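Residue-level structure breakdown
Okay, here's what each chain looks like letter by letter:
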Amino acid sequence: GQCITHCPVGALRERDDIGLLRDALADPDKITMVQIAPAIRTAWAEGIDISKTEATTGKLVSALRRIGFDYIFDTTYTADLTIMEEGSEFIERFTHKEDYSWPMFTSCCPGWVRFVKTQYPDYVKNLSTAKSPQQMFGAMAKTFIAQKLGIDADKIFSVSIMPCLSKKYEHNVDQVDDAGHGKDVDLVLTTRELDRLIRADNIQPDDLKEESFDPIFGEGSGAGVIFGATGGVMEAALRSAYFLITGENPEPDSFKSVRGMKGWKEATFEIKGLQVRVAVASGLGNTRRLMEAIKKGEVQYDFVEIMACPGGCVGGGGQPVHDGCEYASPRGEILYGLDKFSGLRFSHENTAVQMTYDEFLEKPNSHRAHELLHTDLENWDLEMKL
Ligand code: SF4
């Protein structure tokens, strides 16, 4: 099987930031706010003594409350926001085709962003300017969320729990402090660090009950949840792009042919007479093959999703490790199951996202959305600041 210890950023040693979290939790002047990425709910049980069936998202929230976080939210909210920004950006580029280089690439995976900047710098301009859900959450935490909760943005210590080691790099990039209250995200912990915290605090499965994320930013759609699996960003984006172009929802599973563990997938979809050619790749070997084919003109696509880890974030380098086994596929299935049974299948129907635009950002790709939710990847410094 595939080894999941692989980290696409390269040369990353295991590092433990739990001490920094302990300091923040003990500081009476800090308000701790945590976001958890979609992929965490599929794997947190693997490193602790709780069965897969018991390890619900509600019990994960309960564990985070016991650890001591003041506010607990779901990155899925800003995965939905990313879809609104990135989907609108795609439509803008697609309807002014001659003004842009093609294809447009997703940019939510910092392992991929780093790869394209070092290996294919001519294609950096093809990346969506939308920040990743992690960074969007951080920017919203210290602006709109602080405002809605009536708390002082300068006191917020914004933590994310990610399946990923390269997110520890991403949150330290100088360009991502747009909210004006320090870094958008102050600390990134991996799933493995979360499991170590749960074990260190001696939190037992019997101590955990079903608890909800904090209102009003705890809501995410099934489209946002599948962000954690290869093809999920593309599928979520197409569901909302279809709505933005036609004014109607597609059948939610219309774009499911981009699912699955195949390293390089492609499909063409028709939306209101427009042919949209898409490709999805995961793993950097597949990515290099796809990039070479694009460069040589052997393939033509409009929209391409790349995830550096095989299978996407569910197979990320920060997830629990099982020697010689590949866990991305069954974890991805968990996300597709959550999406299937979610009452909310479209990012544009997330009421927290709608409220965010109505009360704060105005509309996708507005001036304020650009200031807070987009970034200039050309300027990203590649120095590793871990
Ligand atoms: Fe991180 Fe996900 Fe990219 Fe892997 S695929 S490097 S886990 S963002």
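Reference entry: report on the structure contained in this document. All values derive from a computational prediction rather than experimental measurement.

**Let's talk about the pairing of strand 6 (residues 264-271)**
Alignment of strand 6 against strand 7 (residues 274-282), held across eight bridges, turns out to be antiparallel. Its bridge partner being in strand 7, Glu 270 is matched across the sheet by Gln 275. Joining the antiparallel neighbours strand 6 and strand 7 is a turn of two residues, in which Lys 272 adopts a positive phi near 50°.

**So, the sheet that holds strand 4 (residues 156-162)**
In space, the four strands of this open sheet follow the order 2-1-4-5, with parallel pairing throughout. Of all strands in the sheet, those with a lone pairing partner are strand 2 (71-74) and strand 5 (187-190), marking the two edges. Going across the sheet, the axis of each strand differs from the next one's by a mean of 25°, ignoring polarity. Here strand 1 (residues 31-36) runs beside strand 4; their pairing, made up of six bridges, is parallel. Paired with Ile 31 across the bridge in strand 4 is Ile 156. Seen against the sheet, helix 5 (residues 133-149) touches strand 1 and strand 4 and runs at an angle of roughly 150° to strand 4.

**Here's the deal with unusual backbone geometry**
With omega at 0°, the peptide bond leading from Trp 102 into Pro 103 counts as cis. Counting through the fold element by element, Pro 103 comes out in the loop between helix 3 (76-94) and strand 3 (104-105). Geometrically, the link from Pro 215 to Ile 216 is a cis peptide bond, its omega value of 0° lying close to zero. Structurally, Ile 216 can be placed in the loop between helix 7 (191-200) and helix 8 (222-225). Phi angles above zero are rare outside glycine, and Glu 362 is one such case at about 75°. Take Glu 362: it is sitting in the loop between helix 12 (351-361) and helix 13 (367-373).

**Let's talk about the site of the ligand**
Around the ligand, 14 residues are found, and the nearest of them are Cys 109, Gly 111, Cys 164, Cys 309 and Gly 316. Where the shell around the ligand is concerned, the elements lending two or more residues are helix 4 (110-119) and helix 6 (166-170). Tallied by class, the residues present in the shell around the ligand amount to nine nonpolar, four polar and one charged. If you count residues domain by domain, the shell around the ligand takes at least three from each of domain 1 (28-77 + 133-207) and domain 2 (81-130 + 221-378).

**Some words on the pairing of strand 2**
Taken residue by residue, a regular strand's side chains alternate between the two faces of the sheet. Burial along strand 2 is two-sided: Tyr 71 and Phe 73 facing one way and Ile 72 and Asp 74 facing the other are all buried. Note that strand 1 and strand 2 share four bridges and pair parallel. Bridging from a neighbouring strand, Met 33 pairs with Tyr 71 of strand 2. Assessed by its sense of winding, the connection that carries the chain from strand 1 through helix 2 (residues 57-67) to strand 2 is right-handed.

Quick notes on the rules
- Residues numbered from 1 in each chain as written.
- Predicted model: local features only at pLDDT ≥ 70, side-chain atom pairs only at ≥ 80, totals over all residues.
- Pairing = 2+ DSSP bridges.
- Helix = DSSP H or I, 4+ residues; strand = E, 2+ residues; numbered from the N terminus.
- Axes fitted to C-alpha atoms, helices over the stretch in contact; angles between N-to-C directions.
- Contact = placed C-beta atoms within 7 Å.
- Near = placed C-beta within 6 Å.
- Nonpolar A, V, L, I, M, F, W, Y, C, P; charged D, E, K, R; others polar.
- Domains from an automatic or database assignment.
- Buried ≥ 20, exposed ≤ 12 C-beta atoms within 10 Å, placed from the backbone.
- Right-handed = clockwise from strand over helix to strand, strands pointing away.

That's the geometry; what it means functionally is another story.
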